[in-house]
Structure formats: C-alpha cells, structure tokens
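Listed below, chain by chain, are the residues.
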Amino acid sequence: MPNTSTALSPSVGDYLKALWSIGKDESVSTNDLAERLGISSASVSSMLAKLKGSGLVHYQRYRGARLSAKGRREALRLVRRHRLLETFMITHLDYSWDEVHEEAETLEHALSERFTERLANLLDHPSHDPHGDPIPNTDGSLPDTPNTPLAKLEPGQTLEVARLLSQSSEALTYLAELGINPGTEIEVTVREPVGGLLHVKIDGTENALSRELALLIEGRTIG
Ligand SMILES: [Zn+2]
C-alpha cells in the first residue's frame, strides 16, 4: 500500500470493522460506509478497490462492497480485541463503561495475537463484553446473544437485559443511572399509545423510557 495516505485516514481494519458492523455478510453502499467513517465517497471507492486487490472485500462500483471470508476473519479478529480490551478496562482498570470505547478503538490496532490470548486467559474467556456485545471466538464464531428489543414488549412482560446497543456515553450513563445493565430485569407496566413511551419497573422503582431508548435495550423475555 502506498504511504501517501494521511495519518488521519481510517486504517484497513477500520474499513473492515465498519463493513461488518453495518452489513455483516451483506453488501454496504459506498455512501453508507463514507458516512460511518466520516470521509468522502471518493476516498472510500479508491480504498475499496485496494481492499478488493488484497482479497479482503468483494466490490463492484455502484453495487457496494461486502466482506470476503478473509476480510470477515480480519474484522472479527479486531472486534475480539476491542471487546476484550473494553472488558479488561472495566474489570481491572476502573474505567466506567461509557469511557472505554474510544480507548479500545486506538489500542485494538496495537495488540499482538499473543497479547490478545493472554488477555482472554486473564479474563477467563468472557463470552460478552460489559455492554453485552458478543466477543467473537478465535475461530470467528459469535456467542449467542438474546436480541428482543425492550420496545417490543407488551405491558406485563419482563425483559432480562442482555445487551445495550449504544456506544454513546450519554445514553450509557443515563441507562446506568437508571440501574440498567446486562442482567437487569425490566418489567413493562404501561405502553403509551402515542409516541411509544414505556413505563417500566426496575427493582421495584417506576421509570419512563422513550421509545428511542427502549430500542437500544435488548434481551430475553422471561415472563
Ligand atoms: Zn466499543
């Protein structure tokens, strides 16, 4: 790869992770990718052509790009590092869970395979990070994660939270203040007909959650 790119341009790994997080195994348009990475569509197109040359993506101009098996493996390797790092920062370094994402974004690129697997060992091979995001296994498979959104529950039903979809500090801090973490049980008491405001009970305390927030909370219906 020519070294004409600026220090600020996203790395190959960031492209692969963005393709995985937006599209999984489906095609992603150049525009969606450009928006996610915060750069121009023209830069994205030329990078995709290079990634195609390296066998990391399948790409056709105007049809978007999707990960090849090789690209998917690379993307999941980074996701594994990222989520192990976030777990480590919270369980061993006293970070709060809304602080870890940016730091992990930087560090994940520096970790060797050996360091990553020693870290996994130290953490006793967690299946999910503190947001509830599944940590890919070394073979690229993903642990099961219950994914019913709280917003879909009817009054009287209870959700055991498995995952919080937001990476934004604001939303995560607010959810933490309400006592909502993976493992929390949330009972829906009332759903307002207009706007979808949910009244919920958490540990005996009543609260109201906007539909927007309730869509970020996923888990398993337990009653
Ligand atoms: Zn993160």
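Residues numbered from 1 in each chain as written. Predicted model: local features only at pLDDT ≥ 70, side-chain atom pairs only at ≥ 80, totals over all residues. Heavy atoms only, no water.

**What to know about the packing of aromatic side chains**
What the rule picks out here adds up to 0 aromatic pairs. Its guanidinium or amino end placed over the ring of W20, K24 lies 4.2 Å from that ring's centre, counting from NZ or CZ. (Phe/Tyr/Trp six-rings, centres within 6.5 Å; stacked < 30°, edge-to-face > 60°. Lys NZ or Arg CZ within 6 Å of the ring centre and 35° of its normal.)

**Topic: the domain arrangement of the protein**
Split into domains, the protein comes out as domain 1 (12-67), domain 2 (76-144) and domain 3 (148-221). Its C-alpha centre places domain 1 at a distance of 24 Å from the equivalent point of domain 2. With 4 residues of domain 1 at the interface, the matching set in domain 2 holds 9 residues. Across the domain 1/domain 2 interface, buried area totals approximately 500 Å², and carbon plus sulfur atoms make up 68% of it. Of all residues in domain 1, D14, K17 and W20 bury the most surface against domain 2, accounting for 89% of the area lost on that side. E105 serves as the salt-bridge partner of K17, at 2.9 Å between the closest nitrogen and oxygen. Summed over the shared surface of domain 1 and domain 2, the result is 3 residue pairs in polar contact (both at pLDDT 80 or more). For the side of domain 1 that touches domain 2, the residue count by class is 1 nonpolar, 1 polar and 2 charged. (Domains from an automatic or database assignment. Contact = heavy atoms within 4.5 Å. Buried area = accessible area lost by both parts, 1.4 Å probe. Salt bridge = Lys/Arg side-chain N within 4 Å of Asp/Glu carboxyl O. Polar contact = N/O pair within 3.5 Å; in protein donor to acceptor, adjacent residues only side chain to side chain. Nonpolar A, V, L, I, M, F, W, Y, C, P; charged D, E, K, R; others polar.)

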